[in-house]
Number of protein chains: 2
Amino acid sequence: MARNSKKVAAAETAESMALKQREISVSEFFLKNRHLLGFDSPRKALLTTVKEAVDNSLDACEEAGILPEIGVTIQQTAEDRFRVSITDNGPGIVRQQIPKIFAKLLYGSKFHRLRMSRGQQGIGISAAGMYGQLTTGTSTRIFSKTKGNKKAHRMEVQIDTRANKPTILVDEEVDWIPTFHPTREDGKPGKPIEHKHGTCVSIEMEAAYVRGRLSVDEYIKQCAIVNPHLQLHYSLALKPKEGGKPGAGSNGDPVSSFKFQVSYSRAVTKLPPPPAEIKPHPHGVELGVLMQMLKDSTSRTLRGALSTDFSRVSDKSASEICGRAKLNPKANPTRIAHQESEALFKAIQETKLMRPPTDCLAPIGETAIVAGLKKEIEADFYTAVTRDPEVYRGNPFQIEVGIAYAKPDPKQEIGAEDPVRVMRFANRVPLLYQAGACAVSEAVTGVNWKAYGLNQPRGGLPIGPMVILVHMASVWVPFTSESKEAIAHYPEIIKEMVYGLQECGRQLSVYLSRRRREAEAARKRNYIELYIPHLALGLKQILDLDDRQEKTIVRKLSTMLEKTHLDV
Amino acid sequence: MARNSKKVAAAETAESMALKQREISVSEFFLKNRHLLGFDSPRKALLTTVKEAVDNSLDACEEAGILPEIGVTIQQTAEDRFRVSITDNGPGIVRQQIPKIFAKLLYGSKFHRLRMSRGQQGIGISAAGMYGQLTTGTSTRIFSKTKGNKKAHRMEVQIDTRANKPTILVDEEVDWIPTFHPTREDGKPGKPIEHKHGTCVSIEMEAAYVRGRLSVDEYIKQCAIVNPHLQLHYSLALKPKEGGKPGAGSNGDPVSSFKFQVSYSRAVTKLPPPPAEIKPHPHGVELGVLMQMLKDSTSRTLRGALSTDFSRVSDKSASEICGRAKLNPKANPTRIAHQESEALFKAIQETKLMRPPTDCLAPIGETAIVAGLKKEIEADFYTAVTRDPEVYRGNPFQIEVGIAYAKPDPKQEIGAEDPVRVMRFANRVPLLYQAGACAVSEAVTGVNWKAYGLNQPRGGLPIGPMVILVHMASVWVPFTSESKEAIAHYPEIIKEMVYGLQECGRQLSVYLSRRRREAEAARKRNYIELYIPHLALGLKQILDLDDRQEKTIVRKLSTMLEKTHLDV
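All figures in this text were calculated on a predicted structure; none of them were measured in a lab.

Placing chain B over chain A gives an RMSD of 0.2 Å and needs a rotation angle of 180°, together with 0.0 Å of translation along the axis. Within this description, the copies of the chain are treated as partners about a two-fold rotation axis. Looking at chain B, 100% of its interface residues are interface residues in chain A too, so the copies touch through the same face.

Here's what the structure looks like:
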């Protein structure tokens, strides 16, 4: 029996407890809580890794003004192990930044700014590497080539979880250029595509590949729907289930028993407009943040600080705020006392200001949503709504909703007897897991779909052959956990979603009523048309008409019926 | 218009992007993501603060072997501001530790050990202080007196969020002893209770007080149910809604328009047995952790490291593992290569070991659960089940389920037509928010309650006048977010919950059938008893009997009926 392993704790004192207090590194924290990062099951680990890497690639390409081309390769290396590699044609990463970007949690360029992007936390890709390291002991492999350089950098890094710092295992210059292997529509390989710059990250991890709604395949498909400017090549190679070389392990040659390859071509060759970076809007700033911002200000006067460090504060508004707070506009902002900043905070709330600028948002747009839905989902009726921007906690955001409604169809894609399918997106990233915890689900179930002609069990999703797409674009999407799978329940956000859904619902309702009317009219018409000849025959016998007259009656009755139908 | 506030991003390069990369402090991260910590609404902020402080007090008292006495005081200081103060009779905190415990995220004594406790992350109370600072600019006030000291420490601290470090504003020695103000059952104040040591933390914050299922009141009530050894005094003072001194703000004297006070006395004067601290079980350790543990080992041999650093590895098992991995048991554990540790990892999985020790768990127990339910919920039928310990990811855990079933009753407490009420607990802490995201909800809806005599809509909670209590005790409860409101969906955990619920369900089913049988029998009997006299009268007339004979017939028939009932 191991020493100490059954030690029952003795009563502690303040002093003995003090000795046990320790700092917890953020890596240690998330290693133990890896379900918070989306690594709670082997199946989800695969998806999360692809998602984080693709998000980064898309962000980097768009920021550099490059039309994104991305390769996703998943290769099974042992029964429960996969190597995931994502290559992009982005601007590349300078050598010094590579270790921190891929092997340090809470490090990145997107957290400290207010600008719409997929990544925001500086956790994702390092977390994927940490998970690979945890489950297979291997390191994260990176190739990166920047525009100016002839050579590429090859690095292998791990996280020192105690210190949340990268450990560099390999660091060398190599000849490498990002190369993509497209698959033609007939399934045959196309000509390889080479780019002058880009990055490739590759991680080996314990994982499982499962098809279906929560799979990498689905993620990539949805990604293509909301990113029509993206060109993506996806390849999956699985080992035979039984009888693979026993013990080949991660070093054996993967035997491809199953290989799946697909390329998603871009539908548009224009990047979405680059969203602007904004400053905090004063109405969304909390007292504590206001105090910190004043302390940090480089302006010499309070009025200057207000108009420079915040958005939508003109010199006039700044003076108005100072007046209302009874503060000298020329005071040094770094020397505002607690009482004074409380007064300032109150004055800001009471001053009318323009709403935050919204050019920081790049919505998908109604046309693109309908086009995206059409590309991937066969249906009879499509509609989409892009709502005007709104604000929660000072953060501008915008909600978009799309609907695709099919005729009831035995095909599984959209079943008539099942609840509608909800596709959720945040800043153009598909959200697959944790639907139940998401504001989108609350909004969809909160709408009265019966009013728009659908069945809906109490408190549930409506029933019907329908897909609902909801997209939230924001400079800061509030997720319910670090794994970014569900949007938090801010009332302002849910309200906008409900409005968007209702707008689409009304259009659906018009379509459904028209379809019902048409179906009803067609039914009546068929029914009467069937009897017109009999009616004519009867009249012919009663009134003793000839064949020509009978035909005329049939024609006239038919015309009359048709006219009536138009008024139905 | 502010300079730069509408700047549209220019195309970036690898070099320009590198300049923007920055480290993100964990405080900054959670300040921006404060909904992850349970501070997404003013109402929830109040509950989260009380919860984190009470959890800490209970943990400290139990670790020090002290019967806990806790005072919770909530005082409204302005329309949207409250001062929350929690006092305990715990061992106190030594001066040097106070700032870090109350003003540094990810700092604590509970993260790096495997032992059942309420707190585990080292985030909660500092997060509450950070939220107070953010919304009111005020600091966290602490009084603490340890056993040996004559004087107490008074400190005021804030978090420097950029650095995640405490800033000390006040640090002095004062005369202070923890004092509690009990409320007698008749609502009148009892004699104040003084203790020799303890801690008081007080935070002012933007908050809202709302009664109901998600309130502080409910939390405290449920806390008393599962902590029968706790004595708690709760007092709430609200300001008048309208017509309070205008502008009195946080410095005005709170005008108590509404005051609510209650004391929960302890039901038992014995502390729960102190749970033991355990070492990691080899079967739950991942390859990456194994490698780290070997690197850190102070043992001189691999065999020694295996038997000392892990639980349930005897010298014999250690030798067996080394043999299977083809490694020298006398090898230096800090020099095991990657390939070798993979072999070791495999060998560990293949070696049969005793399950992890379970004295690290302190379940509530079936008797205490029933007693707790009886104390707080009026019902006809109570039952409880404490399952045997199980293991997920190497962590021992134990599930307990309790049920209270009332006769249908117009009282709101347990409604007959509504879904049953589910009370969730983790390590004796009530979980109020995020029921939908919790493994408990999945388990409860996953059980087929129709089999036990209850109605249940498809995929929903069963219907009935019933309360279900589910408790998970573990050395590490996997929560779905840092706010610790819902248990993550590990299959092993859900399975155990389902078994516990089914066990209780079967007992409920026996009770319900018996009640139904009894009701049916009573109905029959009443019915027949009604006709016995008429029957006897008829017989009397037909057979020409006298009154005595008639009475005998009535008596005999009644006796016969009674016998028949017993066989129903």
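This part covers the pairing of strand E13 (residues 381–386) of chain A. Residue and element names in this part refer to chain A. Within E13, five of the six residues are buried, which leaves it mostly tucked inside the rest of the structure. As paired elements, E13 and strand E15 (residues 395–405) share six bridges and run antiparallel to each other. When the bridges of E15 are listed, threonine 386 appears paired with glutamate 400.

Take the interface of chain B and chain A next. Between chain B and chain A, the contact holds 79 residues from the first and 79 residues from the second. Ranked by the residues each element gives to the side of chain B that touches chain A, the list is headed by helix H1 (residues 14–20) of chain B, at five residues. Residues of the side of chain B that touches chain A, tallied by class, amount to 33 nonpolar, 28 polar and 18 charged. Where strand E1 (residues 22–23) of chain A meets strand E4 (residues 107–108) of chain B, two bridges bridge the pair, whose relative direction is antiparallel. What sits directly across from A:Arg22, in E4(B), is B:Gly108.

Per the domain assignment, the segments making up chain A are domain 1 (26–264), domain 2 (282–350), domain 3 (366–512) and domain 4 (513–567). Computed from C-alpha coordinates alone, the two centres of domain 2 of chain A and domain 4 of chain A are separated by 79 Å.

A few words now on the sheet that holds strand E3 (residues 81–88) of chain B. All names here are of chain B. Judged by pairing direction, the sheet is mixed, and its eight strands sit side by side in the order E7-E6-E5-E10-E3-E2-E11-E12 without closing on themselves. Both outer strands of the open sheet, strand E7 (165–174) and strand E12 (258–264), are each paired with one neighbouring strand and no more. Strand-to-strand twist in this sheet, taken as the mean axis angle between neighbours without regard to direction, amounts to 15°. Where strand E5 (residues 140–145) meets strand E10 (residues 198–206), five bridges bridge the pair, whose relative direction is antiparallel. Across the sheet, residue phenylalanine 143 finds its bridge partner in E10, namely cysteine 200. Helix H3 (residues 42–63) contacts strand E2 (69–78), E3 and E10 of the sheet and is inclined by roughly 10° relative to E3. Strands E2, strand E11 (231–238) and E12 of the sheet are contacted by helix H6 (residues 216–226), whose axis makes an angle of about 170° with E11.

Residue and element names in this part refer to chain A. With mixed pairing, eight strands are arranged side by side in an open sheet as E7-E6-E5-E10-E3-E2-E11-E12. Only two strands of the sheet have a single partner each, and these edge strands are strand E7 (165–174) and strand E12 (258–264). On average, adjacent strands in this sheet sit at an angle of 15° to one another, irrespective of strand direction. Both strand E5 (residues 140–145) and strand E6 (residues 152–160) contribute to a ladder of five bridges, which runs antiparallel. Within E6, the residue paired with serine 144 across the bridge is histidine 153. The strands touched by helix H3 (residues 42–63) within the sheet are strand E2 (69–78), strand E3 (81–88) and strand E10 (198–206), with E3 carrying the most contacts at an inclination of about 10°. Strands in contact with helix H6 (residues 216–226) are E2, strand E11 (231–238) and E12; relative to E11, the strand with the most contacts, it is inclined by about 170°.

About the criteria used
- Residues numbered from 1 in each chain as written.
- Chains lettered and ligands numbered in written order.
- Predicted model: local features only at pLDDT ≥ 70, side-chain atom pairs only at ≥ 80, totals over all residues.
- Least-squares fit on C-alpha atoms with pLDDT ≥ 70 in both.
- Contact = placed C-beta atoms within 7 Å.
- Buried ≥ 20, exposed ≤ 12 C-beta atoms within 10 Å, placed from the backbone.
- Helix = DSSP H or I, 4+ residues; strand = E, 2+ residues; numbered from the N terminus.
- Pairing = 2+ DSSP bridges.
- Nonpolar A, V, L, I, M, F, W, Y, C, P; charged D, E, K, R; others polar.
- Domains from an automatic or database assignment.
- Axes fitted to C-alpha atoms, helices over the stretch in contact; angles between N-to-C directions.

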